[in-house]
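# Working through the structure, step by step
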Protein chains: 2
Amino acid sequence: METISENRAFGGTQGVYTHASAETGTEMQFSLFMPDHEPGATLPVLWYLSGLTCTHANVTEKGEFRSACAEHGIAFVAPDTSPRGDDVPDDEGYDFGQGAGFYVDATEKPWAKHFRMRSYIEEELPALITAKFPMLDMARQSITGHSMGGHGALTIALRNPGRFRSVSAFAPIVSPLNCPWGEKALAGYLGPDRAAWRPYDACALIEDGARVPEILVDQGEADQFLEEQLKPELLEQACAGGGIALTLNRQPGYDHSYYFISTFMADHIGWHAKRLA
Amino acid sequence: METISENRAFGGTQGVYTHASAETGTEMQFSLFMPDHEPGATLPVLWYLSGLTCTHANVTEKGEFRSACAEHGIAFVAPDTSPRGDDVPDDEGYDFGQGAGFYVDATEKPWAKHFRMRSYIEEELPALITAKFPMLDMARQSITGHSMGGHGALTIALRNPGRFRSVSAFAPIVSPLNCPWGEKALAGYLGPDRAAWRPYDACALIEDGARVPEILVDQGEADQFLEEQLKPELLEQACAGGGIALTLNRQPGYDHSYYFISTFMADHIGWHAKRLA
């Protein structure tokens, strides 16, 4: 693993790192904010999964998470959203291919070789990060994300019960089975059998028995993708059916941008901090 | 004046606007964060002048000012750093021409026609903003900036005694007469007579009798431009000679980036808020 940059910020270190990934077969970058800490101390970890078109850089530059992470002593990890490179297949659309990995392990050609973001995020990257940064305490981790990354956070938490102390999301895609973004991506990566999509759909996972105790979601009411793509009411129905305590904050006037995310970032970090204590 | 974008953020509106400028002869863009307020209320204003290569967008995306501005009820205005466009002269260097206006009224050809950032910031833009946003109370304004914009904030405050309640800066160029950036820019915009540069040099202005009661500066000790370009010790000497209360916070480990600026932004806004109350 190599260091691309480290900048002092908010009484900690904002790093960007790169490493060869066995899962994706590419170089992968991620960012990590590490608050200052006593020698020998361990820190809880908050994972942040980004949305369509994003890299680690969007939230790292615009997410306004460092102040709250420093206050609560939480490390903040932001991976990329897909493999990238000239050798990696891509699509003309912004919502499929590079920048749009949807946190799946693809099974369809030509995607299956590189698009293994599920295994990368669930298995490979945690192991690499723990080896490189042994002060991170993976017994105390939580996960959040935005839009496609909210989908990632919810599905990863639901598929791995007990791994995360808490899960939240900003404007998540709650049911790829039921929106154009999801249908395009999952059909492309996984093929036409919709049964194979269900492990990558938070609502379907809950219908099929997966559980987390509680979920926090913030959703802008002026989000341009609210009605066609995001459909938080589907998550409300699934959580009601599954006995999951969903806190869904509908925020009047807020859109899908980092202006929305950054506004509520400190609230989410504080909420996770209580569960990571 | 036209609206480019308005996004809800931190209980207010982050806007970006464009207008024709009589001073620069170009379209000019700026951003304005307006906290929510009661009808009929007036708000104090904090000006933020940006550094080399920047537009309004850098601080708007990375500055992390909205939380503190919303808390204190302060509007935040971020202008561009120069005229721009195909008809505007430019230079191959990042430190002269477009993106590097140095907040001067140029007198040399070919710059004099468009590079009138002093008059634009001091006269034209405040009048336009006040007309468009009458809730802004220009009797309560303060000014800050970064690097070249810190130079702009200091020199504008010193040349306009009484106009600003307070002035601060992040890693400012304190004496363009005594650094390569400043000597290149002022020679280019103003010609070889160094006497003509003194109204654009904070230290020279103080030596020549200009006064503000106090100045707040934060400066990263790992700033890559500290020794050759920024030289805060020159401002310390000038303020000591002029009886100006300078608070110079040297911040170990911090560099010249927005990771540094955003870390100390809330401190500066809180400091200005006390003086704008």
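Being a predicted model, the structure only gives us computed values, none of them experimental.

Frequently, the measure chosen for interface size is the accessible area removed from exposure when the parts meet. If you look at the interface, chain B gives 20 residues, while chain A gives 20 residues. A buried area of about 1,900 Å², summed over both sides, lies between chain B and chain A, and 51% of it is on carbon and sulfur atoms. The largest contributions to the chain B side of the interface with chain A come from B:R8, B:E64 and B:Y259, which together make up 38% of the buried area. Here chain B is connected to chain A by two salt bridges. The closest approach of N and O atoms between A:E64 and B:R66, which form a salt bridge, is 3.5 Å. Remark: the boundary between chain B and chain A carries ten residue pairs in polar contact (both at pLDDT 80 or more).

Another point: the pairing of strand β5 (residues 75-79) of chain B. Residues and elements named next belong to chain B. In terms of residue burial, β5 counts as a mostly covered element, since five of its five residues are buried. Burial along β5 is two-sided: the residues A75, V77 and P79 and F76 and A78 are all buried. In this sheet, β5 lies alongside strand β3 (residues 27-35) in antiparallel orientation, the contact comprising four bridges. Residue pairing for β5: S31 is matched across the bridge by A78. Pairing geometry for strand β4 (residues 43-49) and β5, over three bridges, is parallel. Bridge pairing in β5 links V45 to A75.

Let us now look at the relation of the copies chain B and chain A. Of the two same-sequence chains, chain B is brought onto chain A (RMSD 0.0 Å, axial shift 0.0 Å) by a rotation of 180°. The transformation relating the two chain copies, once decomposed into turn and shift, fits a two-fold axis. Among all residues of chain B, the minimum C-alpha distance to the rotation axis is found for B:K62, at 2.8 Å. Residue by residue, 100% of the interface of chain B is reproduced at the interface of chain A, so both copies engage with the same surface.

Strand-to-strand pairing in sheets goes through backbone hydrogen bonds, with the strands running parallel or antiparallel. All names here are of chain B. With parallel pairing, three strands are arranged side by side in an open sheet as β7-β8-β9. Each of the sheet's edge strands pairs with one partner strand only, and the pair in question is β7 (168-170) and β9 (245-251). Between one strand axis and the next, the sheet turns by 10° as a mean value, whatever way the strands run. Relative to strand β8 (residues 214-220), β7 is paired through three bridges, and the arrangement is parallel. Bridged to F170 within β8 is D218.

Relative to the helices and strands, B:N7 resides in strand β1 (residues 2-9). When its relative accessible area of 14% is taken as the criterion, B:N7 is described as buried. Separated by 2.5 Å, the side chains of B:N7 and A:D255 make a polar contact. Sequence-distant contacts of B:N7, defined by excluding residues within four places in its chain, comprise A:D255, A:S257, A:Y259, B:G12, B:T13 and B:Q14.

All names here are of chain B. As for its placement among the helices and strands, H256 is situated in the loop between β9 and α9 (258-276). Take H256: its relative accessible area is 9%, and that puts it in the buried class. Here S147 takes part through its side chain, which lies 2.9 Å from a polar atom of the side chain of H256. Looking at H256, its side chain comes within polar contact range of the side chain of D223, at 2.5 Å. If sequence neighbours within four positions are ignored, H256 has contacts with H146, S147, A171, W181, D223, Q224, F225 and L230.

Turning our attention to the sheet that holds strand β2 (residues 12-20) of chain A. Residues and elements named next belong to chain A. A sheet is described by the order of its strands in space; here six strands give the open sequence β1-β2-β3-β5-β4-β6, paired in mixed fashion. The open sheet has two free edges, formed respectively by β1 (2-9) and β6 (136-145), since each of these has just one partner strand. For this sheet the average axis-to-axis angle between neighbouring strands, irrespective of direction, equals 20°.

A few words on the environment of B:I215. All names here are of chain B. Among the secondary structure elements, I215 is positioned in strand β8. Judged by relative accessible area, I215 falls into the buried class, the value being 1%. With 20 residues separating them in the primary sequence, I215 and L235 have C-alpha atoms 9.9 Å apart. Beyond its immediate stretch of four places on either side in the chain, I215 contacts L154, V167, C239, I244, A245, L246, T247 and W271.

Below, the discussion takes up the pattern of salt bridges. Residue and element names in this part refer to chain B. All told, the structure shown has 32 salt bridges over all chains when counted by the stated rule. Between E207 and R198 there is a salt bridge; the shortest N-O distance is 3.2 Å. Look at E207 and you get exposed, because its relative accessible area is 57%. When its relative accessible area of 26% is taken as the criterion, R198 is described as partly exposed.

The tally for this structure, following the rule as stated, stands at 30 aromatic pairs over all chains. Between the aromatic rings of A:Y17 and A:F133, the centroid separation amounts to 5.2 Å while the plane-to-plane angle is 65°, which identifies the pairing as edge-to-face. On the criterion of sequence distance, the pair formed by A:Y17 in strand β2 and A:F133 in the loop between α3 (117-132) and β6 is long-range, its members being 116 residues apart. Neither residue differs from the other here; A:Y17 and A:F133 are each classed as buried. Centre to centre, the rings of B:F115 and B:Y189 are 5.4 Å apart; their planes meet at 25°, and the pair counts as stacked. With B:F115 in the loop between β5 and α3 (117-132) and B:Y189 in helix α5 (residues 180-190), the pair connects residues that are 74 residues apart, well separated along the chain. Here the aromatic cluster, defined as three or more aromatic residues joined through ring pairs, consists of A:F33, A:Y48, A:F65 and A:F76. For the cation-ring pair, A:R66 lies above A:F65, with the distance from its terminal atom to the ring centre recorded as 4.9 Å.

Scoring rules and cut-offs
- Residues numbered from 1 in each chain as written.
- Chains lettered and ligands numbered in written order.
- Predicted model: local features only at pLDDT ≥ 70, side-chain atom pairs only at ≥ 80, totals over all residues.
- Heavy atoms only, no water.
- Contact = heavy atoms within 4.5 Å.
- Buried area = accessible area lost by both parts, 1.4 Å probe.
- Salt bridge = Lys/Arg side-chain N within 4 Å of Asp/Glu carboxyl O.
- Polar contact = N/O pair within 3.5 Å; in protein donor to acceptor, adjacent residues only side chain to side chain.
- Buried < 20%, exposed > 50% of the residue type's maximum accessible area, 1.4 Å probe, protein only.
- Helix = DSSP H or I, 4+ residues; strand = E, 2+ residues; numbered from the N terminus.
- Pairing = 2+ DSSP bridges.
- Least-squares fit on C-alpha atoms with pLDDT ≥ 70 in both.
- Axes fitted to C-alpha atoms, helices over the stretch in contact; angles between N-to-C directions.
- Phe/Tyr/Trp six-rings, centres within 6.5 Å; stacked < 30°, edge-to-face > 60°.
- Lys NZ or Arg CZ within 6 Å of the ring centre and 35° of its normal.

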